[in-house]
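# Architecture and fold: a report
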Amino acid sequence: MKTILGEVEVIRVEPELFGEGRLLQGKGQITIWFTTDPRHVAVRAQIKHEMGTLDIKLKSIKSGPKPQA
């Protein structure tokens, strides 16, 4: 996938958040794309709902402290 990080390999995740007895009521779908590198950065997300579709793309990223091993 082409991103602000360059072209990266991603994994697509579709958590089941919508529906009866779930976090969000009604019909809908959320999809999140994470990089496959050790940071697992969320570079894109899409929420589809009865009201419409929301597309979210990573626009910038800042370096933080490195995680401890």
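Residues numbered from 1 in each chain as written. Predicted model: local features only at pLDDT ≥ 70, side-chain atom pairs only at ≥ 80, totals over all residues. Heavy atoms only, no water.

### Overview of the packing of aromatic side chains
- The full count for this structure, using the stated rule, is zero aromatic pairs.
- When the ring centre of tryptophan 33 is taken as origin, the NZ or CZ atom of arginine 44, which lies over that ring, is 4.6 Å away. (Phe/Tyr/Trp six-rings, centres within 6.5 Å; stacked < 30°, edge-to-face > 60°. Lys NZ or Arg CZ within 6 Å of the ring centre and 35° of its normal.)

### A word on the side chain of glutamine 46
- As for its placement among the helices and strands, glutamine 46 is situated in strand β5 (residues 42-49).
- Of the polar contacts made by the side chain of glutamine 46, one reaches the side chain of aspartate 55; its length is 2.8 Å.
- Residues within four places of glutamine 46 in sequence aside, it is in contact with Gln29, Ile30, Thr31, Trp33, Thr53, Leu54 and Asp55. (Helix = DSSP H or I, 4+ residues; strand = E, 2+ residues; numbered from the N terminus. Polar contact = N/O pair within 3.5 Å; in protein donor to acceptor, adjacent residues only side chain to side chain. Contact = heavy atoms within 4.5 Å.)

### Comments concerning the environment of threonine 36
- Mapped onto the elements, threonine 36 comes out in the loop between β4 (28-35) and β5.
- A relative accessible area of 38% places threonine 36 in the partly exposed class.
- As a C-alpha pair, threonine 36 and serine 63 span 27 residues in sequence and 18 Å in three-dimensional space.
- What threonine 36 contacts, discounting residues up to four positions off in sequence, is Glu9, Val10 and Ile11. (Buried < 20%, exposed > 50% of the residue type's maximum accessible area, 1.4 Å probe, protein only.)

### Overview of the pairing of β5
- As judged from the seven bridges shared by β4 and β5, these two strands associate in the antiparallel manner. Looking across to β5, one finds that isoleucine 30 is bridged to isoleucine 47.
- Where β4 hands over to β5, the hairpin turn is made up of six residues, of which histidine 40 adopts a positive phi near 50°.
- As defined by bridge partners, β5 adjoins strand β6 (residues 52-57) across six bridges and the pair is classed as antiparallel. The residue of β6 that forms the bridge with glutamine 46 is aspartate 55.
- Between the antiparallel neighbours β5 and β6 lie two residues. (Pairing = 2+ DSSP bridges.)

### Let's talk about the sheet that holds strand β3 (residues 10-13)
- Strand order in this open sheet of four strands is β3-β4-β5-β6, and the pairing throughout is antiparallel. Unpaired on one side and paired on the other, β3 and β6 mark the two borders of the sheet. Averaged over all pairs of adjacent strands, the angle between strand axes in this sheet comes to 10°, irrespective of strand direction. (Axes fitted to C-alpha atoms, helices over the stretch in contact; angles between N-to-C directions.)

### Points about the environment of leucine 58
- Looking at where leucine 58 falls in the secondary structure, it is placed in the segment after β6.
- C-alpha separation for the pair leucine 58 and lysine 2, spaced 56 residues apart in sequence, amounts to 11 Å.
- Leave out the neighbours within four places in its chain, and leucine 58 touches Ile4, Val41, Ala42 and Val43.

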